[in-house]
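# Remarks on the overall topology
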Amino acid sequence: VQLQASGGGLVQPGGSLRLSCAASGRLFSIGDMAWFRQAPGKQRELVASITSGRRAEYAASVNGRFAISRDDVKNSVSLQMNSLNPEDTAVYYCKADITVPFSRRDYWGQGTEVTVSS
């Protein structure tokens, strides 16, 4: 199983980006999904999470600006990011709790870079 993240890039302050992350491979089910980010010189932090029941939670710094969603048909999770500011600059990683034959664990995507700058 692999998680493939996409959608990062350079955006001006106040702009928007949409990140996507899709799981591929032989899997049985996906539980909680989440987006993390890691800015240069800082620890990785949780940005948003969504349960299989679609209950979403957000870090205080992004609440009201970001929206997480999932598509269980496509085995994917997305992060709509609005009103971006330079403090949102980071590498964004997706994570998913995936059940595969004989195993269940967290899988991580490879990261997609977001740069907010004028």
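Use the structure listed above.
### Here we look at the overall build of the chain
For the chain, the helix and strand inventory stands at 0 helices and 11 strands. Counted from the first residue to the last, the chain has its helices and strands arranged as β-β-β-β-β-β-β-β-β-β-β. For 118 residues, the compact-globule formula gives about 13 Å, and the C-alpha radius of gyration of the chain, at 14 Å, lands near that figure. Overall, the C-alpha framework of the chain stretches about 45 × 25 × 25 Å when taken along its three principal axes.

### Considerations on the state of the cysteines
Here the structure, examined in full by the defined rule, presents 1 disulfide. The disulfide partner of C21 is C94, and the gap between their sulfur atoms is 2.0 Å. Between C21 and C94, the S-S dihedral sits near 55 degrees, and the bridge is therefore right-handed. Remark: C94 occurs in strand β9 (residues 90-100) and C21 occurs in strand β3 (residues 17-24); sequence separation between them is 73 residues. One exposure class covers both C21 and C94, and it is buried.

### Considering the packing of aromatic side chains
Centre-to-centre distance and the angle between the planes together describe a pair of aromatic rings. Tallying each qualifying case throughout the model produces 1 aromatic pair. The positively charged end of R44 is found above the aromatic ring belonging to Y93, 3.7 Å away from the centroid. A cation sits over an aromatic face here: R44 above W108, 4.8 Å from the ring centre.

### Considering the pairing of strand β7 (residues 66-71)
Because side chains alternate across β7, one face comprises the buried residues F66, I68 and R70, and the other comprises A67, S69 and D71, none of which is buried. Summarising the sheet, β7 and strand β8 (residues 76-81) pair through 6 bridges and their orientation is antiparallel. Residue pairing across strands places R70 opposite V77, the latter belonging to β8. In this antiparallel pair of consecutive strands, β7 and β8, the connection spans 4 residues, and N75 shows a positive phi of 55 degrees.

### Concerning the side chain of S78
Looking at where S78 falls in the secondary structure, it is placed in strand β8. Not counting residues within four places of it along the chain, the set of residues in contact with S78 comprises R18, L19, S20, W35, A67, I68 and S69.

### Observations regarding the nonpolar core
With 32 residues, the main nonpolar core has W35, L79, M81, Y92 and I98 as its most contacted residues. Within the residue set of this core, elements represented by two or more residues are β1 (2-6), β3, β4 (29-38), β5 (45-50), β7, β8, β9 and β11 (112-116). Looking at this core, the element that brings in the most residues is β9, giving 6 residues. Discounting residues that sit within four places of it in the chain, M81 has contacts with G15, S16, L17, L19, R65, F66, Y92 and V114.

### Side note on unusual backbone geometry
The phi dihedral of R54 falls on the positive side, at around 70 degrees, and the residue is not glycine. Structurally, R54 can be placed in the loop between β5 and β6 (56-58). For R54, a relative accessible area of 44% gives the class partly exposed. Here N75, not a glycine, exhibits a phi torsion of approximately 55 degrees, which is positive.

Each value, and the rule that gives it
Residues numbered from 1 in each chain as written. Predicted model: local features only at pLDDT ≥ 70, side-chain atom pairs only at ≥ 80, totals over all residues. Heavy atoms only, no water. Helix = DSSP H or I, 4+ residues; strand = E, 2+ residues; numbered from the N terminus. Rg over C-alpha atoms; globule rule 2.2 N^0.38 Å. Disulfide = S-S within 2.5 Å. Buried < 20%, exposed > 50% of the residue type's maximum accessible area, 1.4 Å probe, protein only. Phe/Tyr/Trp six-rings, centres within 6.5 Å; stacked < 30°, edge-to-face > 60°. Lys NZ or Arg CZ within 6 Å of the ring centre and 35° of its normal. Pairing = 2+ DSSP bridges. Contact = heavy atoms within 4.5 Å. Core = buried A, V, L, I, M, F, W, Y, C linked by side-chain atoms within 4.5 Å.

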